[in-house]
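# Descriptive structure summary
If you want the building blocks of each chain, they are given just below.
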Amino acid sequence: MSDFKINTKCVQAGYRPGNGEPRQVPIIQSTTFKYNSSEDMGKLFDLEATGYFYTRLQNPTNDFVAAKIADMEGGCAAMLTSSGQAANFFALFNICECGSHIVSSSSIYGGTFNLIAVTMKKMGIDVTFVSPDATEEEIEAAFKENTRACFGETIANPALTVFDIEKWAKIAHKHGVPLIVDNTFPTPVNCRPIEWGADIVTHSTTKYMDGHGAAVGGCIVDSGKFDWMAHKDKFPGLCEPDDSYHGITYAEKFGKEGAFITKCTAQLMRDFGSIQSPQNAYLLNLGLESLHVRMARHVENAQAMAEFLEADPRVKSVSYSGLKSSKYYELAQKYLPKGGCGVVSFELKGGRKAASQFMAALKLIAIETHVADARSCCLNPATSTHRQLTDDQLVAAGIPAGLIRLSCGIEDKEDLIADVKQALDSIKE
Ligand SMILES: *Cc1c(COP(=O)(O)O)cnc(C)c1O
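No experiment lies behind these values; they were computed from the predicted model shown.

## Regarding the overall build of the protein chain
Scanning the protein chain from N- to C-terminus turns up 16 helices and twelve strands. Taking 22 Å as the expected radius of gyration for a compact globule of 429 residues, we find that the protein chain reaches 22 Å, a close match to that expectation. Looking at the 429 residues of the protein chain, the share that counts as buried comes to 54%. Counting 42 positive and 51 negative side-chain charges, the protein chain places the centres of these two groups 3 Å from one another.

## Side note on the site of the ligand
N157, D182, S204, T206 and K207 are the nearest of the 16 residues found near the ligand. Between S204 and the ligand, the recorded distance is 2.8 Å, taken from a side-chain N or O atom to an oxygen atom. Between an oxygen atom of the ligand and a side-chain N or O atom of T206, the distance comes to 2.6 Å. With respect to the detected pockets, the ligand is housed in the largest pocket. Looking at the shell around the ligand, the element that brings in the most residues is helix α4 (residues 84-93), giving three residues.

## Thoughts on the pairing of strand β1 (residues 77-81)
Across the five residues that make up β1, a large majority, five, are buried. Of the strand pairs in this sheet, β1 and strand β7 (residues 218-222) are connected by five bridges, and their pairing is antiparallel. Pairing of A77 across the sheet is with D222, part of β7.

## Considerations on the packing of helix α11 (residues 278-289) against helix α12 (residues 291-310)
The N-to-C vectors of α11 and α12 enclose an angle of 60°; their axes lie 5 Å apart at closest approach. Between α11 and α12, the interaxial angle falls into the category oblique. Residues G287, L288 and E289 of α11 touch α12, and the partners they reach there are L291, H292 and R294. Taken together, the residues of the contact of α11 with α12 sort by class into two nonpolar, two polar and two charged.

## Some thoughts on the packing of aromatic side chains
Counted under the stated rule, the structure contains 18 aromatic pairs. For the pair F89 and F93, a centre-to-centre distance of 5.1 Å together with 20° between the ring planes defines the contact as stacked. Placement of both F89 and F93 in helix α4 is noted, with a separation of four residues, approximately one turn of the helix. Using a relative accessible area of 11% as the deciding quantity, one classes F89 as buried. An aromatic cluster is defined as three or more aromatic residues linked by ring pairs; in this entry it consists of F89, F90, F93 and F272. We note K207 situated over the ring of Y109; from NZ or CZ to the ring centre the distance is 5.0 Å.

## Some words on the sheet that holds strand β11 (residues 377-379)
The five strands lie next to each other as β8-β9-β12-β11-β10, forming an open sheet whose pairing is mixed. Two strands lie at the open edges of the sheet, namely β8 (315-319) and β10 (366-367), each paired on one side alone. Bridge analysis of strand β9 (residues 343-348) against strand β12 (residues 403-407) gives five bridges, and the strand direction is antiparallel. Residue pairing across strands places S345 opposite R405, the latter belonging to β12.

## A word on the side chain of H292
Residue placement: H292 occurs in helix α12. With a relative accessible area of 14%, H292 lands in the buried category. Residue contacts for H292: discarding those within four places in its chain leaves N7, C10, V11 and V189.

## Remarks on helix α16 (residues 413-425)
Taking 1.5 Å of rise per residue, 13 residues should cover 18 Å, and α16 covers 18 Å from first to last C-alpha, within 8% of that figure. Those residues of α16 lying buried are L416, I417, D419, V420, A423 and L424. For α16, the angular spread of the buried residues around the axis is 155°, confining them to a single face. Put simply, D412 is the residue that caps the front of α16, since its side-chain oxygen is 2.9 Å from the backbone nitrogen of E414.

## Observations regarding the packing of α4 against helix α10 (residues 250-272)
Interhelical geometry of α4 versus α10 gives an angle of 115° and a closest axis separation of 10 Å. Crossing geometry of α4 relative to α10 is assigned as right-handed. Two secondary-structure elements touch here, α4 through F89, F90, A91 and F93 and α10 through F260, C264, L268, M269 and F272. Tallied by class, the residues present in the contact of α4 with α10 amount to nine nonpolar, no polar and no charged.

## A few points about empty space enclosed by the protein
Scanning all chains against the criterion turns up two cavities of 30 Å³ or more. The computed volume of the largest cavity comes to approximately 40 Å³. Together, I155, L160, Y320, S321, G340, C341 and V343 line the largest cavity. Looking at the lining of the largest cavity, its residues break down into five nonpolar, two polar and no charged.

Each value, and the rule that gives it
Residues numbered from 1 in each chain as written. Predicted model: local features only at pLDDT ≥ 70, side-chain atom pairs only at ≥ 80, totals over all residues. Heavy atoms only, no water. Helix = DSSP H or I, 4+ residues; strand = E, 2+ residues; numbered from the N terminus. Rg over C-alpha atoms; globule rule 2.2 N^0.38 Å. Buried < 20%, exposed > 50% of the residue type's maximum accessible area, 1.4 Å probe, protein only. Lys, Arg positive; Asp, Glu negative; His and termini not counted. Charge placed at Lys NZ, Arg CZ, Asp CG, Glu CD. Near = heavy atom within 4 Å. Polar contact = N/O pair within 3.5 Å; in protein donor to acceptor, adjacent residues only side chain to side chain. 1 Å grid on protein atoms, 1.4 Å probe; cavity = no way out; pocket = protein on both sides within 12 Å on 5 of 7 lines; lining within 4 Å. Sits in = over half its atoms within 2 Å of the grid points. Pairing = 2+ DSSP bridges. Axes fitted to C-alpha atoms, helices over the stretch in contact; angles between N-to-C directions. Parallel < 35°, antiparallel > 145°, perpendicular 65-115°, else oblique. Contact = heavy atoms within 4.5 Å. Nonpolar A, V, L, I, M, F, W, Y, C, P; charged D, E, K, R; others polar. Phe/Tyr/Trp six-rings, centres within 6.5 Å; stacked < 30°, edge-to-face > 60°. Lys NZ or Arg CZ within 6 Å of the ring centre and 35° of its normal. Expected span 1.5 Å × (residues − 1). Arc of directions from axis to C-beta. Left-handed = near helix turned anticlockwise from the far one by under 90°. Points joined across faces, edges and corners; volume = space filled by probe spheres on them.

Purely spatial values, then, with no claim about function.
If you want it as structure tokens, here you go:
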């Protein structure tokens, strides 16, 4: 459906039923698939024929939903994973191995930071973190002989920095490596990183794509544009025969458009098995069908909330790239013309005490660690996720005690603002 607009793709891309087939994506709740002969099945194992044999590697329901997300992102192939963490790990580990190096934006989701800085380090994969706002020279200086991938988040969770995709893609390509962009917060409704030069796009579908707090999941989309064979020496896993798969050379057999996702499925899903359940893929698809409608409302509500907060004397500062005062306003106009996401963060002048009083007074907006849900939710890191840190340590980490992260849902913005206003009114000196 590549000629259709994003709103149409959200609703109809992926599963296209034939005559007399179910209108809704069927849930193929089966671990295994039947074949008439060993030869038929053998062809699947040799990657000579396409089809299904075991749901640890592939399932038709998942593939319908992955195809929808690929189409929405303007990619050529995609796969679903059990979580966003699995998606980012697979995307990186598909091209990195012991001895490789990654250049990553320093402003990324905490779980991904830990994955790269701690867990992948134990696998012998090194990383250099660079500020997303660094100059081209500073970013270039981070690249090494063994760099194999470059990574960033379109809008970082929770810092809300906006990533200059075009600039980073240009630098990554100059050094012969792909740019991987985690596009969880804007979703392809608000930004399609591949149009700006990204090679691989990842998602925590747990957030806006699902949108209802129903199912944890992830997705990897390949643009099909990166020429692995042109950088053969850097990517032996794609460009040399795979002994664990009958000596197949993925980049030769499946070309630029098929190599990345085929290898990721055939090797990493086979060995790590972080597949999304078909049930969850079905729920994800329900979320995707209304994603374009919901994103517009999330953005409308967050913009109104950010403007309200900015004008309130009890608020010290507000981070939202849709505000003219934002350091990222210009970049957001370029990459996120329809708006970014529903998450706003702000700091209260009264610090920790004011934040506690504010949180306690909320009536409609719930206290949760989750974000990007249809229902508004709110978090004060100092008294929850980061409660082991002192006020000084919090400032050093860029998370002052009075900081609040507010994920605006799709309720009526007047009700949300009224709840925030009465909570601000409850703050006592
Ligand atoms: C939540 C999140 C992840 C991790 O996803 P899970 O589905 O929780 O595993 C990765 N990246 C970003 C930007 C996220 O917000």
